[in-house]
Amino acid sequence: QKEVEQNSGPLSVPEGAIASLNCTYSDRGSQSFFWYRQYSGKSPELIMSIYSNGDKEDGRFTAQLNKASQYVSLLIRDSQPSDSATYLCAGHTGNQFYFGTGTSLTVIP
Amino acid sequence: DAEITQSPRHKITETGRQVTLACHQTWNHNNMFWYRQDLGHGLRLIHYSYGVQDTNKGEVSDGYSVSRSNTEDLPLTLESAASSQTSVYFCASSREFAGGADTQYFGPGTRLTVL
């Protein structure tokens, strides 16, 4: 069973701080990982994808992948109240995606 | 603009009835997926398709069926709705993979209540 584990939170950070979201995965064969943001009552939307070990930056977002430790993280710099949402970590193996249960983030103004 | 749509957006039905949820994408993607999302379980894969006439069971396929007669549509049918199938259903699509994963694009979701 392929699994992605996330801390469900809630995680609260003050506006302007760095929010750190983490997940671990069970399938060493997984090659690709994704972070989705989901606002309440809405569908998931892609924030970042990462395929290689190391860091990948896109604006205020940085994804980190460590395949040896089977660990994926998402850093959100200069957090804004609009970043308040649930963040889903997903892995990909064999044309299928498998998702964690999500971490709820609240950015306090 | 290309998009993925679902209908209906909200549905209330009774136990035992057959229900079909529609999913239509204009991305021209080969791969389409159906998920359900419940509190504490995240997104769970119901069925998926890699192309016309291809369908595969996912993690929670019991009580559900799909058919793929064209590239754009993957309707999800609940053969005999049960209260345990009350959930939010998301359809998603992605391109054919070529050595790496492509992005999944999600529809807006259908909230189904089975009474």
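From a predicted model like this one, the values you see are computed outputs, not experimental measurements. (Residues numbered from 1 in each chain as written. Chains lettered and ligands numbered in written order. Predicted model: local features only at pLDDT ≥ 70, side-chain atom pairs only at ≥ 80, totals over all residues. Heavy atoms only, no water.)

With that settled, the discussion passes to the interface of chain B and chain A. Taken together, the contacts link 21 residues of chain B with 19 residues of chain A. The tally of links from chain B across to chain A stands at 0 salt bridges. Contributing elements (two or more residues each) for the side of chain B that touches chain A: β4 (31-38), β5 (42-51) and β9 (87-94) of chain B. In terms of residue count, the dominant contributor to the side of chain B that touches chain A is β5 of chain B (5 residues). Residue classes in the side of chain B that touches chain A are distributed as 11 nonpolar, 8 polar and 2 charged. (Contact = heavy atoms within 4.5 Å. Salt bridge = Lys/Arg side-chain N within 4 Å of Asp/Glu carboxyl O. Helix = DSSP H or I, 4+ residues; strand = E, 2+ residues; numbered from the N terminus. Nonpolar A, V, L, I, M, F, W, Y, C, P; charged D, E, K, R; others polar.)

Time to look at the layout of surface pockets. Of the pockets and cavities examined, the largest pocket occupies roughly 680 Å³. For the largest pocket, the lining is made up of 31 residues, of which Gln 38 and Gly 41 of chain A together with Gln 37, Leu 39 and Val 88 of chain B are closest to its centre. Broken down by secondary-structure element, the contributors of at least two residues to the lining of the largest pocket are β9 (85-93) and β11 (103-108) of chain A together with β4, β9 and β11 (110-114) of chain B. (1 Å grid on protein atoms, 1.4 Å probe; cavity = no way out; pocket = protein on both sides within 12 Å on 5 of 7 lines; lining within 4 Å. Points joined across faces, edges and corners; volume = space filled by probe spheres on them.)

As a working rule, side chains carrying opposite charge can pair if their charged atoms are close by. Using the criterion set out here, one finds 6 salt bridges over all chains in the structure. Here Glu 45 of chain A and Arg 37 of chain A are joined by a salt bridge, their closest N and O atoms 3.3 Å apart. Of the residues examined, Glu 45 of chain A reaches a relative accessible area of 33% and is grouped as partly exposed. Each member of the salt-bridge network shares a partner with another, and the members are Arg 36, Asp 38 and Arg 44 of chain B. (Buried < 20%, exposed > 50% of the residue type's maximum accessible area, 1.4 Å probe, protein only.)

Right, let's get into the packing of aromatic side chains. Aromatic rings in a pair are described by how distant their centres are and how their planes are angled relative to each other. For the structure shown, the criterion picks out 15 aromatic pairs over all chains. Note on Phe 99 of chain A and Tyr 35 of chain B: the rings are 5.4 Å apart at their centroids and 85° apart in plane angle, and the pair reads as edge-to-face. Highlighted residues: Phe 99 of chain A in strand β10 (residues 96-99) and Tyr 35 of chain B in strand β4, drawn from two different chains. The buried category is assigned to Phe 99 of chain A, whose relative accessible area is 9%. Given a relative accessible area of 1%, Tyr 35 of chain B falls into the buried group. A centroid spacing of 4.4 Å and a plane angle of 20° characterise the contact between Trp 27 of chain B and Tyr 105 of chain B, whose relative ring orientation is stacked. Of the two residues, Trp 27 of chain B is situated in the loop between β3 (19-25) and β4 and Tyr 105 of chain B in strand β10 (residues 105-106); the sequence distance between them amounts to 78 residues. The class of Tyr 105 of chain B is partly exposed, set by a relative accessible area of 33%. (Phe/Tyr/Trp six-rings, centres within 6.5 Å; stacked < 30°, edge-to-face > 60°.)

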